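Given next are the chains, with one letter for each unit.
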Amino acid sequence: MAYLDLDFNESERREIASAWVDGVLDWASPNLQAIRSKIRRFHRALRGDRCCYCQKSFADDHPLAVDIEHVLPKSKFHMLAITAVNLTVACKRCNMTIKKSRIDFLHGRTIAEVSGIYDQSETYEFVHPNLDEYDQHLQLLTTSIGKHMLWRYMVKANSIKGIRTVDYFDLRSLEVDDLDRIQGIEGMSGSERALQIRRLLEVD
C-alpha cells in the first residue's frame, strides 16, 4: 500500500468538488464527512496505526483523536487540501500543539516557491510521511518496564532529516517523560529528582 493508492469514486469526487468555495476547500463541510473518514482509515492502515511524526500508537484511541494531517497546512496551501502527497495522520500533540500551521520546515522557501516542488523530498527539512522512508532516518526503540513503556528515538546514520525531525517535534521530551514516569520522579523538583535517582541506584 502506498499513499497514491487512496482513490475516490465518481460520487466522492462530486462531493469534494461541491465543497470548494472561491478556491478554498471547506474542510468542515458535512459533505466531506465520509471523505474525511475514508482518508483517516486509509492513512491509519498505511502508517501501521501510528502518528506519522512521533510514531505514537493509535490502537486505543477514538477515531476523532487521530488527526488528518496536511503536511503543508491547508490554511496556506489551499489547492493542496485534498492532494494525496499532502495527506497523512498525526497525533494531537504533533499536529495541533507543535506543528499547527507552521511552515518553518521548508528551508526558508516562500509559499510560491514551494507550490511547484511540494512533491519532492528535498523541499522538507523533516522526514516527510509520504516522500521519505521513516526507518531510513529514524528508528523508534521501545521496551517495557513493568506496565510502563520506554521510548528511544535513534537517528540512523546521522541523518539530517532524522535529527531535524527529533528537534522539530521535540521527541526527546517523550523519552524523558516516560523515563521520569517509570522511575517515579515525574513532577519532582530538581533536588527531589536527584535524591530519588540516588535511591533507585542505591547510592548513598
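Note that this is a predicted model, so its numbers are computed, not measured. (Residues numbered from 1 in each chain as written. Predicted model: local features only at pLDDT ≥ 70, side-chain atom pairs only at ≥ 80, totals over all residues. Heavy atoms only, no water.)

Q: Any chance you could explain the pairing of strand β3 (residues 66–70) here in plain terms?
A: The side chains of a regular strand alternate between both faces of the sheet. Extensive coverage of β3 is indicated by the burial of five of its five residues. Of the two faces of β3, both are covered, the one formed by V66, I68 and H70 as well as the one formed by D67 and E69. Where β3 meets strand β4 (residues 87–91), five bridges bridge the pair, whose relative direction is antiparallel. In the sheet register, D67 faces β4, and the bridge partner there is A90. (Buried < 20%, exposed > 50% of the residue type's maximum accessible area, 1.4 Å probe, protein only. Helix = DSSP H or I, 4+ residues; strand = E, 2+ residues; numbered from the N terminus. Pairing = 2+ DSSP bridges.)

Q: What exactly am I supposed to notice about unusual backbone geometry here?
A: For residues other than glycine, phi is negative in most cases, and the peptide bonds are mostly trans. A positive phi angle is found at D49, which is not glycine, with a value near 60°. Checked against the element boundaries, D49 lands in the loop between α2 (33–46) and β3. Given the relative accessible area of 23%, D49 is considered partly exposed.

Q: Which parts of the structure should I look at to understand the layout of surface pockets?
A: Empty pockets left among the atoms are what a rolling probe the size of a water molecule brings to light. Considering only enclosed or pocket space, the largest pocket measures out at about 300 Å³ in volume. Split by residue class, the lining of the largest pocket holds nine nonpolar, three polar and four charged. One number sums up the size of the second largest pocket: a volume of about 240 Å³. For the second largest pocket, the lining is made up of 13 residues, of which I68, H70, K74, N95 and M96 are closest to its centre. If you list the elements that add at least two residues to the lining of the second largest pocket, you get α2, β3 and α3 (92–99). For the lining of the second largest pocket, the per-class residue count stands at four nonpolar, four polar and five charged. (1 Å grid on protein atoms, 1.4 Å probe; cavity = no way out; pocket = protein on both sides within 12 Å on 5 of 7 lines; lining within 4 Å. Points joined across faces, edges and corners; volume = space filled by probe spheres on them. Nonpolar A, V, L, I, M, F, W, Y, C, P; charged D, E, K, R; others polar.)

Q: What should I look at first to understand the confidence of the model for the chain in this one?
A: Caution is warranted with low-pLDDT regions, since their predicted coordinates should not be read in detail. Averaged over all residues, the pLDDT of the chain is 89; the fraction at 70 or higher stands at 84%. Least confident of the elements in the chain is helix α8 (residues 190–200), whose mean pLDDT is 53; most confident is helix α6 (residues 160–168), at 98. (pLDDT = per-residue confidence, 0-100.)

Q: What is the right way to read the nonpolar core from this model?
A: Among soluble globular proteins, nonpolar side chains are generally buried collectively. C51, Y53, C54, L72, Y153, F169 and L171 are the most contacted members of the largest nonpolar core, which has 30 residues in total. Where this core is concerned, the elements lending two or more residues are β4, α3, β6 (148–155), α6 and α7 (171–183). Leaving out residues up to four positions away in the same chain, C54 has contacts with C91, C94, Y134, L140, W151, Y153, L171 and L174. Ranked by size, the runner-up nonpolar core spans 17 residues in total, among them F42, A81, I82 and L87. (Core = buried A, V, L, I, M, F, W, Y, C linked by side-chain atoms within 4.5 Å. Contact = heavy atoms within 4.5 Å.)

Q: Mind showing me how you'd approach the pattern of salt bridges here?
A: Overall, the coordinates contain eleven salt bridges when judged by the stated rule. In this structure, the salt-bridge partner of R152 is E175, at a minimum N-O distance of 3.0 Å. In this pair, R152 is assigned in strand β6 and E175 in helix α7, connecting sequence segments 23 residues apart. Residue classification places R152 among the partly exposed residues on the basis of a relative accessible area of 41%. (Salt bridge = Lys/Arg side-chain N within 4 Å of Asp/Glu carboxyl O.)

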